[in-house]
Amino acid sequence: QLQLVESGGGSVQPGGSLRLSCVGSDFTLQYYTVAWFRQVPGKERVGVSCIAASPPATFYNGFARGRFTISRGDDKTVYLQMNDLKPEDTGVYYCAAGGDTGDYRLDPPRDYDYWGQGTQVTVSS
């Protein structure tokens, strides 16, 4: 069973930063496109960012560009560095992995094969 595990969520004040981690517990992520999504109750999941396998080109939804950075760590880890967080960034953040097909759409997003359980991010004063 291929599993993704997210961590790094928490509560921060507006303007703060968090770094989310996505780890492939039983497989390496280096050959997959990996994406971050977020969801708030009652709304659809929204694509935040994704990173290609090789070369690791990066893609961002408009609201994330300039504030968030997606990157690869070791071959099992993908990060999402989030700076200048705003209350509207609050939600559950999920990572997802899928074949590196050249489809890097975020809005609307492409389909992914594997999903994590999510990590809560709360931005509030």
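Just above sits the structure.
Here's what I pulled together on the structure shown here. Residue indices follow the written sequence of each chain, beginning from 1 at its first position. In keeping with the model being predicted, local features are shown solely for residues with a pLDDT of at least 70 and side-chain atom pairs are shown and tallied solely at 80 or more, while totals for entire chains, interfaces and linings include all residues. Water and hydrogen atoms play no part in the side-chain values, which are based on all heavy atoms of the structure.

Any two strands are treated as partners once DSSP identifies two or more bridges connecting them. Put simply, DSSP H or I for four residues or longer makes a helix, DSSP E for two residues or longer makes a strand, and each gets a number counted from the N terminus. Pairing in this open sheet of four strands is antiparallel, and the strands run β1-β3-β8-β7 from one edge to the other. Of all strands in the sheet, those with a lone pairing partner are β1 (4-7) and β7 (68-72), marking the two edges. Adjacent strand axes in the sheet meet at a mean angle of 15°, parallel and antiparallel pairs treated alike. Where β1 meets strand β3 (residues 18-24), four bridges bridge the pair, whose relative direction is antiparallel. What sits directly across from E6, in β3, is C22. Here, axes are lines fitted to C-alpha atoms. For helices the fit covers the stretch in contact, and angles between N-to-C directions go from 0 to 180 degrees.

Considering the arrangement of structural elements, one finds A35 in strand β4 (residues 32-39). Only protein chains enter the area calculation, which uses a 1.4 Å probe; residues under 20% of their type maximum are buried, those over 50% are exposed, and those in between are partly exposed. Classification of A35 as buried rests on a relative accessible area of 0%. Along the sequence, A35 and S124 sit 89 residues apart, while their C-alpha atoms lie 25 Å from each other. It only takes one pair of heavy atoms within 4.5 Å for two residues to be counted as in contact. With near-sequence residues (within four places) excluded, A35 lies in contact with S49, C50, Y94, C95, A96 and Y112.

Here we come to the pattern of salt bridges. Just to be clear on terms, a salt bridge is a Lys or Arg side-chain nitrogen sitting within 4 Å of an Asp or Glu carboxyl oxygen. Inspection of every chain in the model, using the stated rule, returns four salt bridges. Here D89 makes a salt bridge to R38, at a shortest N to O gap of 2.8 Å. Of the two residues, D89 is situated in the loop between β8 (77-82) and β9 (91-99) and R38 in strand β4; the sequence distance between them amounts to 51 residues. Here R67 ties to D89 by a salt bridge, and the two come within 2.7 Å at their closest N and O atoms. Of this pair, R67 sits in the loop between β6 (58-60) and β7 while D89 sits in the loop between β8 and β9, and the two are 22 residues apart along the sequence. The network of salt bridges with common partners includes R38, R67 and D89.

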